Amino acid sequence: MQCQTVTHRTQGGWSAPLPVALDSEQTLVLAFAAPELADSPGPLVELARAFPNSVILGCSTSGEIAGSEVLDVSVSVAVARFAQTRLRRAITRVEGDADSFAAGARVAAQLAHGRPDELQAVFVLCTGLRVNGTQLVDGIAAGLPRGIPITGGLAGDGSRFARTWVLDGQRPETNHVSAVGLYGSNVRVGHGCDAGWSDFGPERRITRSSGNVLYELDGKPALALYKTYLGERAAGLPGTALLFPLAVRRDEHDDDALVRTILAVDEKEQSMTFAGDLPEGGIARLMRANTDRLICSAGMAARAASAALGADTNALVISVSCVGRRLVLGQRVEEEVETVRDSVPCRGTHVGFYSYGEIAPASPGAASELHNQTMTVTVLSEA
C-alpha cells in the first residue's frame, strides 16, 4: 500500500505535484474541501483528470484536516494505492429525511453486487443537510453482510448550515451520498470513536418525537426548554446549539449514550431537527465541553483505531470530527488533530475533516451508528 497526501490552497496552489503515478483501479482518492469550491471547482477538476482510473470520494467541510493542521478554504487530499485490495464506489441521491433509509439501501445494493462475501468495510460521505444520518446508516447496514464496519461522515458548511455537497466525479452535488467498499482478505480496517463531553442538568424523557425531529421533553415544548439553558446564546440558534449537544439513551438500561446536535429549529412547532434519530420514550440530557477532555478523547479514538497495527505500519488515517468540537476548542483545535497524529502508526498518512455528523461503531463489534460532537478515526492498511 502506497499513500501520499497533498493540499491545495487558494493563494499557493498545490503543495506538491499530484502523484499521478499512483492512479489505478485499486487507488482511493479522498478530497475534503472548503464549501466554496462548489462555485470554483478548479482543483476538483484537476483531481478528476489526474486520477481517471481511481475511486474518488470527497465532500465539503467545516475545516480540512491535513496531517497536524486544520485548514480553511483548501482541499486536503489523500491518495492511497492498494496492492491487493479491490475498491467499488456507490453513489445515489437522497431526497430528504424520509428517503434516508432507502438511499442507504441503494448504496448497499451497489456495494453488495458481485462478491459481497469479500466486502470488508465501507467508508461513506453524505450531504450534511436534509438527511437523517441514523436512517442512512441503518439502510446501508441492512443491505450488507452482518458486522461490516461502516465509517465516514456528513459533509459540512462551517457553522452556516446553508449548503453542503458531495463529489460526483469532479462535480460537487448537493443531496448525494457516495461510498467506497473495500474488498479482499488483505485489507485491514481499524476504527475508534470517543466524545469527551460532560453531562449537566437533569435527565428528561423524550415524550414526543418523530425520527430526527424532537417536539417535547417531559411533556413540554422542546425548543422552549432548550432555550432556557442557552440563555442569551439562544439568539444564535441553530449555530450555538453546537456548544450544547444532547446525550441520548434509548432507555434507563442503555449504558451507551449517543451525542446529538441540532441542525435546524422550527419556532412555530417549537421543535428541533437533529442529524440523527431521537427515540420517543428515550432519555435526553444536556452536555457541555471541557477542552482538555475533548483533546484527550481524540487520542483515545486514534489509539483504538490503530490498536492492532504495528508502530511502523504504512496506513491511511482518516479523522472525522464535529464542527461543534472545533468551535469549542477554538485556537486549540490543532491540538486535537495533533493528538490523533501522535497516537497512530508513525508511517500513517493523516487526512480528514470537520463534519455535521460522524459515522462509526461506538466500540469494537458494535453496530455502526451516526454520532455528533465525536471524534471518529478510521485506519486502513494492508497485510
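Preceding block: the structure.
Every value quoted in this text rests on a predicted model; they were computed, and no experiment measured them. All chains use their own residue numbering, which begins from 1 and follows the written sequence. Local features in a predicted model are, by the rule used here, given only for residues with pLDDT of at least 70; side-chain atom pairs are given and counted only at 80 or more, and totals for whole chains, interfaces and linings are based on all residues. Side-chain descriptors were evaluated using all non-hydrogen atoms of the structure, hydrogens and water having been removed beforehand.

### As for the overall build of the protein chain
- Under the scheme used here, helices are H or I runs from DSSP no shorter than 4 residues and strands are E runs no shorter than 2 residues, and both carry numbers assigned from the N terminus. Within the protein chain, the regular secondary structure consists of 7 helices and 28 strands.
- Radius of gyration here is computed from C-alpha atoms only, and the compact-globule reference equals 2.2 Å multiplied by the residue count raised to the power 0.38. Relative to the globule expectation of 21 Å for 383 residues, the C-alpha radius of gyration of the protein chain, 19 Å, shows essentially globular dimensions.
- With the C-alpha coordinates aligned to their principal axes, the bounding extent of the protein chain is approximately 60 × 45 × 40 Å.
- By residue count, 58% of the 383 residues in the protein chain fall in the buried class. Exposure classes here rest on a 1.4 Å probe applied to the protein chains alone. A residue is buried below 20% of its type maximum, exposed above 50%, and partly exposed in between.

### A closer look at the pairing of strand 7 (residues 74-81)
- Summarising burial for strand 7: 7 of the 8 residues are buried, a large majority.
- One bridge is not enough; two strands pair if DSSP finds at least two bridges between them. Pairing analysis gives 8 bridges linking strand 1 (residues 2-9) to strand 7, with the strands arranged antiparallel. Among the inter-strand pairings, Arg-9 is bridged to a residue of strand 7, identified as Ser-74.

### Details of empty space enclosed by the protein
- A 1.4 Å probe that fits but cannot get out identifies a cavity on a 1 Å grid over protein atoms alone, an open set with protein on both sides within 12 Å along at least five of seven lines counts as a pocket, and a residue lines either if it has an atom within 4 Å of a point. Grid points are joined across faces, edges and corners, and a volume is the space filled by probe spheres set on the points. Scanning the model with the defined rule gives 1 cavity of 30 Å³ or more in all.
- In this structure, the largest cavity occupies an estimated 100 Å³ of space.
- Taken together, 13 residues line the largest cavity, and the ones lying closest to its centre are Arg-204, Leu-217, Tyr-229, Leu-246 and Leu-286.
- Only helix 4 (222-230) and strand 23 (283-288) provide two or more residues apiece to the lining of the largest cavity.
- Grouping the amino acids of the lining of the largest cavity by side-chain chemistry returns 10 nonpolar, 1 polar and 2 charged. Residues are grouped as follows: Ala, Val, Leu, Ile, Met, Phe, Trp, Tyr, Cys and Pro are nonpolar; Asp, Glu, Lys and Arg are charged; all remaining types, including Gly, are polar.

### Description of the side chain of Gln-373
- Here Gln-373 is to be found in the loop between strand 27 (368-371) and strand 28 (375-382).
- Residue Gln-373 is classed as buried on the basis of its relative accessible area of 0%.
- Here a polar contact is taken to be a pair of N or O atoms separated by no more than 3.5 Å, where protein atoms must pair a possible hydrogen donor with a possible acceptor and residues adjacent in sequence count only if both atoms sit in side chains. Polar side-chain contacts of Gln-373 include one of 3.3 Å to the side chain of Thr-261.
- It only takes one pair of heavy atoms within 4.5 Å for two residues to be counted as in contact. Not counting residues up to four positions away in its chain, the partners in contact with Gln-373 are Ala-195, Trp-197, Ala-241, Leu-242, Leu-243, Pro-245, Val-259, Thr-261, Cys-322, Gly-324, Arg-325 and Glu-358.

### Some remarks on unusual backbone geometry
- With an omega of 5 degrees, the peptide bond running from Leu-237 to Pro-238 counts as cis.
- Structurally, Pro-238 can be placed in the loop between helix 4 and strand 19 (246-249).
- Residue Arg-130 is not a glycine yet carries a positive backbone phi of 55 degrees.
- With respect to the helices and strands, Arg-130 occurs in the loop between strand 9 (119-126) and helix 3 (133-142).
- Owing to a relative accessible area of 49%, Arg-130 belongs among the partly exposed residues under this scheme.
- A positive phi angle, near 50 degrees, is found at Asp-218, a position not held by glycine.
- Assignment of secondary structure puts Asp-218 in the loop between strand 17 (213-217) and strand 18 (220-221).
- Judged by relative accessible area, Asp-218 falls into the partly exposed class, the value being 35%.

### Digging into the packing of helix 2 (residues 100-112) against helix 3
- Relative to each other, helix 2 and helix 3 sit at 35 degrees, their axes nearing to 7 Å. As helix 2 packs across helix 3, the resulting crossing turns out to be right-handed. From helix 2, Ser-100, Phe-101, Ala-103, Gly-104, Ala-105, Val-107 and Ala-108 reach across to helix 3, where they touch Gln-135, Leu-136, Asp-138, Gly-139, Ile-140 and Ala-142.
- Counted by class, the contact of helix 2 with helix 3 contains 8 nonpolar, 4 polar and 1 charged residues. Only the stretch in contact is used when a helix axis is fitted, and all axes are lines through C-alpha atoms; the angle between N-to-C directions ranges over 0 to 180 degrees. By convention the crossing between two helices is left-handed if the near helix lies anticlockwise of the far one by an angle smaller than a right angle, and right-handed if it lies clockwise.

### Some points on the packing of helix 5 (residues 291-305) against helix 7 (residues 333-343)
- Look at helix 5 against helix 7: their axes get within 8 Å of each other, and the N-to-C directions meet at 30 degrees. Comparing the axis directions of helix 5 and helix 7 gives the class roughly parallel. Like other packed secondary-structure pairs, helix 5 and helix 7 cross with a definite hand, here right-handed. Within the contact between the two elements, helix 5 uses Leu-294, Ile-295, Ala-298, Gly-299, Ala-302 and Arg-303 and helix 7 uses Glu-335, Glu-336, Thr-339, Val-340 and Ser-343.
- Partitioning the contact of helix 5 with helix 7 into residue classes produces 5 nonpolar, 3 polar and 3 charged. Angle categories are assigned with fixed cut-offs, so that under 35 degrees is roughly parallel, over 145 is roughly antiparallel, 65 to 115 is roughly perpendicular, and the rest are oblique.

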